[in-house]
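# Geometric and topological summary
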Amino acid sequence: MIRNYFKIAWRSLFADKKYAFMNIAGLAVGMAAAVLIALWIVDELSFDRSYSTTDRLYQVYSKDSFDGKSNIWGRTPGPLVSALKSDFPEVEDAVRFAEDTELLSVGDKRLNTKGAITDSGFLKVFGVASISGNAATALTNPSGIVITQSLSKKIFGNTDALGKTIRINNKFDREITAIIPDFPSNSRFHKTEFLLPFEYWLQAWGSGMTESWTANNFITYVLLKPNMDLEMLNNKIQNTIRSHTSSSSDPVQTQIMLHPASKWRLYSKSENGQLIGGEITNVWRMGRIAIFILLIACINFMNLSTARSGKRAKEVGIRKVVGGSRKSLVFQFLGESVLLSFISGAIAFALAFIFLPSFNLLVGKSLYFSYDNPSFWLIAFSFILLTGLLAGSYPAFFLSSFKPIKVLKSGFKLSKNAFNPRKLLVVSQFAIAILLIICTVIIKQQTLFAKERDLGFDENNLLYVTLNDELKGNYEIIKKELIAKNLATSVTKTLSPISKIQSDRWGFSWEGSSESDKKQDFIYLSSDADFIKTSGVKLVDGRDIDIYNYKSDSTALLLNEKAVKVMGLKNPIGAIIRDDDKQMHVVGVVKDFIMGSPYEPVQPLMIEGPSAWFGYVNMRLNPLNATADNLKQIEAIFKEHNPLFPFEYSFTDQQYELKFKGEQTMGALASIFSGLTIFIACLGLFALAAYTTETRRKEIGIRKVLGAPVLLIATLLSKDFLKLVGIAFVIAAPIAYFVMNNWLENYQYRISIEWWVFAVVGLSAILIALITVSFQAIKAAIANPVKSLRTE
Amino acid sequence: MITITDLEKYYATEEVRTIALNKLSFKVKEGEFVAVMGPSGCGKSTLLNILGLLDDPDGGSFVFNGIEVAGFNERKRADLRKHNIGFVFQSFNLIDELTVFENVELPLIYTGVKPAERKVRVDAVLEKMQIMHRRKHFPQQLSGGQQQRVAVARAVVNNPKLILADEPTGNLDSSNGNEVMDLLTELNEAGTTIIMVTHSEHDAKYSHRIIRMLDGQKVTENVLAEFKSV
């Protein structure tokens, strides 16, 4: 019997290639999209879950309130680790962890490398086994270093690196005590390539920061003993910091809590002192899109299958007459849709495979199909089977319900009920498509809006390098040479790159300031000289900092307009600003420029003279030279005067561009997927048009015999569909408005939603629908009425 | 074999109720060949649908092989139908996507006959209908007469006790029509009961008895040939 079903399915597929193509194409495209999104979601959900100890791993978070506002953050004081270990028997082990970037050198090889400084228990806490060397003791050696396999390859090639020496930051020699596998791409340590024992911190920066209960410099990871109750333990440990500082006059009120590894990736957004949401929002968002697309594709399938019901009705009748039960017919039609689903599924996986590299590029991941994993095949199989059953369910029950006497004797007549499930399906398809398109347009508008915002400085042709130890000594020579050789028009040292906030401070006082002004936060930057000339920021009042011409400029200050405003300074130039014992004087005011998020208003900013710390050297490249030539010559100068470090540079505009990455990715994904939705929805509409024309063949025939012109008939047939798309729009528009309004709330600097977006999208949807439908309508209208009437 | 008593059937639309069968009663003996005649709309087809267990009467009694089947649900009717009744239609009603062989095989599949036996039985019946050489063809590749022979083959492959024929020659020219009527007569002579709805006096003459209907009622009955119970 199954062979018979299969035969029928296969032959009816080929008997009507147009329908088969639309059926398979729609379903395959929908499934391919769903597969790609599913890969993305699986990757997100798998983050930080591959450690052998995952279910017992926690990160300690700190909680406190300032000004009545609750805050939560993931850094903790240095002494907390030993307190946790000694106070609570539930804690099996705990380690401090601090990210670190160091220059690693072996012979001529120099690599700026990302890694971390951590306690000796790290490898055990995260269940990391070594490839060579002893994982248990690797970090107990104070002059040891643990490196990953790929770093070992980069430095030592294929030779065994164990026991060899690496020089760190041109200062400290460390012996490789273990080589560990690379952290997988779904681990938060993916970019960590070396681990230094905690003694390195003490040697490089001293013990000051590590003993304070108020300086939150470290991430603390805790490994609990098996089967611990998290809630109970959280209650127990929350006041650990207070109890250890109770002897001092001012005990630290900060509380702590444990955050499980399975939530690190998905729930990392802190809001009102709680870790809610974060990446999980994106997971839901993508999940919804995947379900939408798959649903649209299935709806499509239903429409296409029922549209063909006229052709299948006779078969149903005959099968029933010769003894087929309704159940056997349901199975037959479900079997057909499952067969189609498997064909579509095979195409979908092929499509997904082809587009995976581009998708990876777009979302910045390295997703792959795990063919070697049996559960992959099982999931793929069930996915296809379920899609087939879902898509086939409605047609199966619809088709199998035909009464044989009706379809065999009087020919097949489709009902024209007021409530027609197929119309409902088309409305929901178009509603989803219109919703996605409106969202896409608004996301794009918002991104463009923020991108076109005037930065207040010239981000092009602005290069920066990290100020390393050696560069600190040779900075002035290099600066002179860069300008003398016409490579750069101007050079300045700063605390952070100009488009990156790395420091903020509070606690200042000035003439007329109140006690509460001490809580006013300022973005902090520094410069030696030529800040304005290099950055292109506009000077509003006074002059630039210039330590080379004004000896007292060591404590000079530039303020931005926003700072002047919040401080209430009437005559900012010459104003004295105090930071505890330090006195600074304002020499200039600059126009507001965007250092932080392009979506937020500019914050108050202070730029301090050279008494502050410097971290970067910025160069305004000479625009008259070709960039490549410029870079070559600049590199030569750095090689000469800064030979111990590799010449690694960044362009400010490229770094600034990264701030849009999230929105751009989302915008791109939204446009791709809404494009697919409208494509599939149009296939569905096409089917419904075909279906309706079939039901109205007799009517059309009679109208034509009575003299109705082609255009009138075509309009008559198209009108109904446009109504459906209209209804879809009415449903989708308010939802889109609500969703996008919510989304825009995330941005301070944002567009307002405009009515014409809705109008344009709505009209385009109607236009697309019209083109799709008119094809069928015109075909029906020009058909010879004799044919359609004769069959009666 | 068949006894119907006061059989009633109505068709109702929103405003009009049409009586298709109005207290119709008659009997058909096993092995008989009965023709039902009457103008369009007299209820012939409705009668055939009810006799074929495709439709349920609204009133009266229908005893098939000693069992009262009026009021059977669809599943029970389907079960009885597939073992006992074969159908021949005016428009042949073959499945276009299946070959001659597969079309004839269909009833056997639904009654759960094993593939090997199916092949033997289908081949035998195709041989008998002289359509064996076309067994791998699709319906569209056959002439009307050939298609109707396939349909008859399908109707008899299960060895039904009763064949219901709904204007079996209506779509055929006279020579093909006669061929089909000869086939039916042969089947009847071999013991199959046949009830045939027809407009053609010529075809009706092949039967033992003609029941003439008008407005859902039996008007007359002509006995053409003496029928002796088997």
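These numbers come from a predicted model, not from an experiment.

### Structural notes on the sheet that holds strand β24 (residues 616-621) of chain A
Residue and element names in this part refer to chain A.
- Strand order in the open sheet formed by four strands is β15-β24-β14-β25, and the pairing between neighbours is antiparallel. Across the chains shown, the open sheet's two edge strands, defined by having one partner strand only, are β15 (488-494) and β25 (649-651). For this sheet, the mean inter-axis angle between neighbouring strands, taken without regard to orientation, is 25°.
- Direction of pairing for β15 relative to β24: antiparallel, over a ladder of six bridges. Its bridge partner being in β24, T494 is matched across the sheet by Y616.
- Packed onto the sheet, helix α19 (residues 627-641) meets β14 (462-466), β24 and β25 and runs at close to 140° relative to β24.

### Quick notes on the pairing of strand β1 (residues 2-12) of chain B
All names here are of chain B.
- Where β1 lies against strand β4 (residues 59-64), five bridges are found, and the strand directions are antiparallel. Of the residues in β4, the one forming a bridge with I4 is F62.
- Across eight bridges, the pairing between β1 and strand β2 (residues 17-28) is antiparallel. Of the residues in β2, the one forming a bridge with I2 is V28.

### What to know about empty space enclosed by the protein
Residues and elements named next belong to chain A.
- Applying the stated rule across the entire model yields three cavities of 30 Å³ or more.
- Considering only enclosed or pocket space, the largest cavity measures out at about 240 Å³ in volume.
- Lining the largest cavity are 19 residues; nearest its centre among them are S305, R308, R312, E336 and L340.
- Sorting the residues of the lining of the largest cavity by element identifies α1 (2-15), α2 (17-45), α10 (279-307), α12 (326-363) and α13 (374-399) as the ones contributing at least two each.
- Residue composition of the lining of the largest cavity, grouped by class: 10 nonpolar, five polar and four charged.

### Examining the side chain of T169(B)
Residue and element names in this part refer to chain B.
- Position of T169 among the secondary structure elements: in the loop between β7 (162-166) and α6 (174-189).
- Here the side chain of T169 touches D203 through a polar contact of 2.3 Å, side chain to side chain.
- Filtering out sequence-adjacent residues up to four positions away, T169 remains in contact with G177, M181 and D203.

### So, the sheet that holds strand β3 (residues 33-37) of chain B
Residue and element names in this part refer to chain B.
- Strands sit in the order β6-β7-β8-β3-β9-β10 across an open sheet of six strands; the sheet is mixed. Of all the strands in the sheet, the pair left with one neighbour each is β6 (85-88) and β10 (217-223). The mean inter-strand angle of the sheet, taken between neighbouring strand axes irrespective of direction, is 20°.
- Of the strand pairs in this sheet, strand β9 (residues 209-214) and β10 are connected by six bridges, and their pairing is antiparallel. Following the sheet pairing, I211 is matched in β10 by E221.
- Where helix α1 (residues 44-51) meets the sheet, its contacts fall on β3, β6, β7, β8 (193-197) and β9, and the angle it forms with β7 comes to roughly 155°.
- Each of β3, β7 and β8 is contacted by α6, which is oriented at about 150° to β8, the strand it contacts most.

### Thoughts on unusual backbone geometry
- Positive phi, close to 60°, is recorded for N486(A), a residue that is not glycine.
- With respect to the helices and strands, the residue N486(A) is situated in the loop between α16 (469-484) and β15.
- Here N486(A) falls in the partly exposed class, since its relative accessible area comes to 48%.
- Not every positive phi belongs to a glycine, and F92(B) is a case in point at roughly 65°.
- A residue is classified by how much of its surface remains accessible, and F92(B), at 9% relative accessible area, is buried.

### Some thoughts on a nonpolar patch on the surface
All names here are of chain A.
- Residues F353, I354, F355, Y371 and W377 make up a contiguous nonpolar surface patch of about 590 Å² in total accessible area.
- Broken down by element, the nonpolar patch gets its largest block of residues, three residues, from α12.
- Examined against the element boundaries, F355 turns out to sit in helix α12.

### Focus on the interface of chain B and chain A
- If you look at the interface, chain B gives 24 residues, while chain A gives 24 residues.
- Interface area, chain B with chain A, both sides summed: about 2,300 Å², of which 58% is carbon and sulfur.
- For chain B, the biggest contributors to the area lost against chain A are N93(B), E97(B) and Y110(B); these three give 27% of the whole.
- The interface formed by chain B and chain A contains one salt bridge.

### Quick word on the pattern of salt bridges
- The full count for this structure, using the stated rule, is 41 salt bridges over all chains.
- Measuring nitrogen to oxygen at the nearest pair gives 4.0 Å for the salt bridge that ties D58(B) to K9(B). Here D58(B), found in the loop between α1 and β4, pairs with K9(B), found in strand β1; they are 49 residues apart in sequence, far enough to count as distant.
- Note that D79(B) is salt-bridged to K82(B), the shortest N-O span being 3.9 Å. Note that D79(B) and K82(B) are positioned in helix α2 (residues 74-84) at a spacing of three residues, about one turn of the helix.
- Residue class for D79(B) comes out partly exposed when judged on its relative accessible area of 41%.
- Residues joined in a network through salt bridges with shared partners are D43(A), E44(A), R265(A) and K365(A).

### Some thoughts on a positive patch on the surface
All names here are of chain A.
- Together, K114, K191, K500 and K661 make up a region of like positive charge exposed at the surface.
- Examined against the element boundaries, K661 turns out to sit in helix α21 (residues 661-695).
- On the basis of relative accessibility, which here comes to 44%, the residue K661 falls in the partly exposed class.

### Considerations on the nonpolar core
- In this structure, F430(A), I2(B), L47(B) and F62(B) are the most contacted members of the largest nonpolar core, which totals 116 residues.
- Those residues within four positions of L47(B) in sequence are excluded, and the remaining contacts are I4(B), L7(B), L21(B), L24(B), F26(B), V36(B) and M213(B).

### A short note on the packing of α1(A) against helix α11 (residues 309-321) of chain A
Residues and elements named next belong to chain A.
- Running from N to C, α1 and α11 point in directions that differ by 165°, and their axes come no closer than 13 Å. The orientation of α1 relative to α11 falls into the category roughly antiparallel. Where α1 crosses over α11, the handedness of that crossing is right-handed. Contact with α1, carried on its side by N4, Y5, I8 and S12, involves R312, E315 and R319 of α11 and no other residues of that element.
- Partitioned by chemical class, the residues of the contact of α1 with α11 number two nonpolar, two polar and three charged.

### Description of the side chain of T46(B)
All names here are of chain B.
- Within the fold, T46 resides in helix α1.
- Take T46: its relative accessible area is 9%, and that puts it in the buried class.
- Among the polar contacts listed, one links the side chain of T46 to the side chain of Y11, at a separation of 3.5 Å.
- With near-sequence residues (within four places) excluded, T46 lies in contact with K9, Y11, A20 and L21.

### Remarks on the environment of F398(A)
- When you line up the elements, F398(A) lands in helix α13.
- Remark: the alpha-carbon pair of F398(A) and F333(A), spanning 65 residues in sequence, is separated by 9.8 Å.

Cut-offs used in this document
- The numbering scheme is per chain: residues are counted from 1 as the chain's sequence reads.
- Each chain is given a letter, starting from A, and each ligand a number, starting from 1, according to the order in which they appear as written.
- This being a predicted model, a pLDDT of at least 70 is required before a residue's local features are given, and a value of 80 or more before pairs of side-chain atoms are given or counted; all residues contribute to the totals for chains, interfaces and linings.
- Here the side-chain values reflect all heavy atoms present in the structure, with hydrogen atoms and water set aside.
- When DSSP finds at least two bridges between two strands, those strands are taken to pair.
- Note on conventions: DSSP H or I runs of at least 4 residues are helices, E runs of at least 2 residues are strands, and numbering of each starts at the N terminus.
- For helices, the axis comes from a line fit to the C-alpha atoms of the stretch in contact; other axes are also lines fit to C-alpha atoms, and the angle between any two N-to-C directions lies between 0 and 180 degrees.
- In this description, contact between two residues means that some pair of their heavy atoms is separated by no more than 4.5 Å.
- Method remark: on a 1 Å grid restricted to protein atoms, a set of points is classed as a cavity if a 1.4 Å probe fits but cannot get out and as a pocket if it is open with protein on both sides within 12 Å along at least five of seven lines; lining residues have an atom within 4 Å of a point.
- Grid points are joined across faces, edges and corners, and a volume is the space filled by probe spheres set on the points.
- Residue type decides the class: Asp, Glu, Lys and Arg count as charged, Ala, Val, Leu, Ile, Met, Phe, Trp, Tyr, Cys and Pro as nonpolar, and the leftover types, Gly among them, as polar.
- Within 3.5 Å is the distance limit for a polar contact, defined as a pair of N or O atoms, with the added protein rule that one can donate a hydrogen and the other accept it, and that residues adjacent in sequence qualify only through two side-chain atoms.
- For every residue, the accessible area (1.4 Å probe, protein chains only) is compared with the maximum for its type, and the residue is labelled buried under 20%, exposed over 50%, or partly exposed between those bounds.
- Patch membership is restricted to residues that have no salt bridge and whose relative accessible area is over 30%. Joining uses 9 Å for like charges and 5 Å for the nonpolar side chains Val, Leu, Ile, Met, Phe, Trp and Tyr.
- Using a 1.4 Å probe, the Shrake-Rupley method yields the accessible areas, and only the shown protein chains count as cover for residues.
- The rule for a salt bridge is simple: a side-chain nitrogen of Lys or Arg has to be within 4 Å of a carboxyl oxygen of Asp or Glu.
- Here's the idea: put two parts together, see how much 1.4 Å probe accessible area each one loses, and the total over both is what we call buried area.
- In this count, Lys and Arg are taken as positive residues and Asp and Glu as negative ones, while His and the chain termini are left out.
- Working definition for charges: the position is that of NZ of Lys, CZ of Arg, CG of Asp or CD of Glu.
- Here, the term nonpolar core denotes a set of buried Ala, Val, Leu, Ile, Met, Phe, Trp, Tyr and Cys residues that are joined through side-chain atoms within 4.5 Å.
- An angle below 35 degrees is read as roughly parallel, one above 145 as roughly antiparallel, one from 65 to 115 as roughly perpendicular, and any other as oblique.
- What makes a crossing left-handed is the near helix being turned counterclockwise from the far one by less than a right angle; a clockwise turn instead makes it right-handed.

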